[in-house]
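Summary of structural features
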Amino acid sequence: MAATPLVGVLALQGDVPEHLKALTASGARATTVRRPEELARLDGLVLPGGESTTISKLAALFGLTGPLRARIAEGLPVYGTCAGMILLADKILDPRAGQETFGGIDMIVRRNAFGRQNESFEASVAVTGIEGPPVDGVFIRAPWVESTGAATEVLATYGGHPVAVRQGNALATSFHPELTGDHRLHGHFTELVRAAA
């Protein structure tokens, strides 16, 4: 197992510095990723929150869409938060024109399901596999999961909707743990990366 795995954060748009800080605090070597050649050396990857349509269009522009899909399909551990959850979905219920995903989790996701920016909120979320009290979930124009396939495990729900899921080495949350100072989910992902390595 890699004692200090190298985990990239897709740095095209979104809350990249917060993820880098959370990963470093969790015992990973954290680095930004903007080019296809940078994917090859990674032990794991985080797809940050931001604007999923913008990230998908920039990924296409930077030549990253195909290489990202390939690495994820090969089993690269990946963690998506908010927009990152949308990008990991095999299908989006209400995609914007030209919006693509990288896939990796057999789920259908609804964008902005919890409301607009001014309807953002924080809530306690009990997540399977995370010890201690519930995590503080920051929901900002957050998606939720409409449905999942048989291979997808629901780790948490809020308001009757799945907000944290896992399929193999792919993990996704509707909310932003990187904004709270609670690094347990990043620690959980780092352990998943170590186990995969």
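That block above? That's the structure.
Report on the accompanying structure. (Residues numbered from 1 in each chain as written. Predicted model: local features only at pLDDT ≥ 70, side-chain atom pairs only at ≥ 80, totals over all residues. Heavy atoms only, no water.)

**Quick notes on the environment of Val138**
Here Val138 is to be found in strand β8 (residues 135-139). Look at Val138 and you get buried, because its relative accessible area is 11%. Distance from Val138 to Ala28, taken between C-alpha atoms, is 23 Å for residues 110 residues apart in sequence. Excluding its chain neighbours within four sequence positions, the residues that come into contact with Val138 are Phe121, Glu122, Phe175, His176, Leu179 and Thr180. (Helix = DSSP H or I, 4+ residues; strand = E, 2+ residues; numbered from the N terminus. Buried < 20%, exposed > 50% of the residue type's maximum accessible area, 1.4 Å probe, protein only. Contact = heavy atoms within 4.5 Å.)

**Here's the deal with empty space enclosed by the protein**
Overall, the coordinates contain one cavity of 30 Å³ or more when judged by the stated rule. Every residue lining the largest cavity is listed: Val135, Asp136, Pro177, Thr180, Asp182, Arg184 and Leu185. Going through the elements one at a time, β8 and α6 (184-196) are the ones with two or more residues in the lining of the largest cavity. Here the lining of the largest cavity is composed, by residue class, of three nonpolar, one polar and three charged. (1 Å grid on protein atoms, 1.4 Å probe; cavity = no way out; pocket = protein on both sides within 12 Å on 5 of 7 lines; lining within 4 Å. Points joined across faces, edges and corners; volume = space filled by probe spheres on them. Nonpolar A, V, L, I, M, F, W, Y, C, P; charged D, E, K, R; others polar.)

**Quick word on the nonpolar core**
One finds Leu10, Leu45, Leu47, Leu88, Phe102 and Met107 to be the most contacted residues of the largest nonpolar core, which totals 30 residues. For this core, the secondary-structure elements that each account for two or more residues are β1 (6-10), β3 (44-47), α3 (52-61), α4 (65-73), α5 (83-88), β5 (89-92), β6 (105-110) and β12 (170-173). The element best represented in this core is α5, accounting for five residues. Setting aside residues no more than four positions away along its own chain, Leu88 makes contact with Leu47, Ile72, Val78, Tyr79, Gly80, Gly103, Gly104, Ile105, Met107, Leu171 and Ala172. (Core = buried A, V, L, I, M, F, W, Y, C linked by side-chain atoms within 4.5 Å.)

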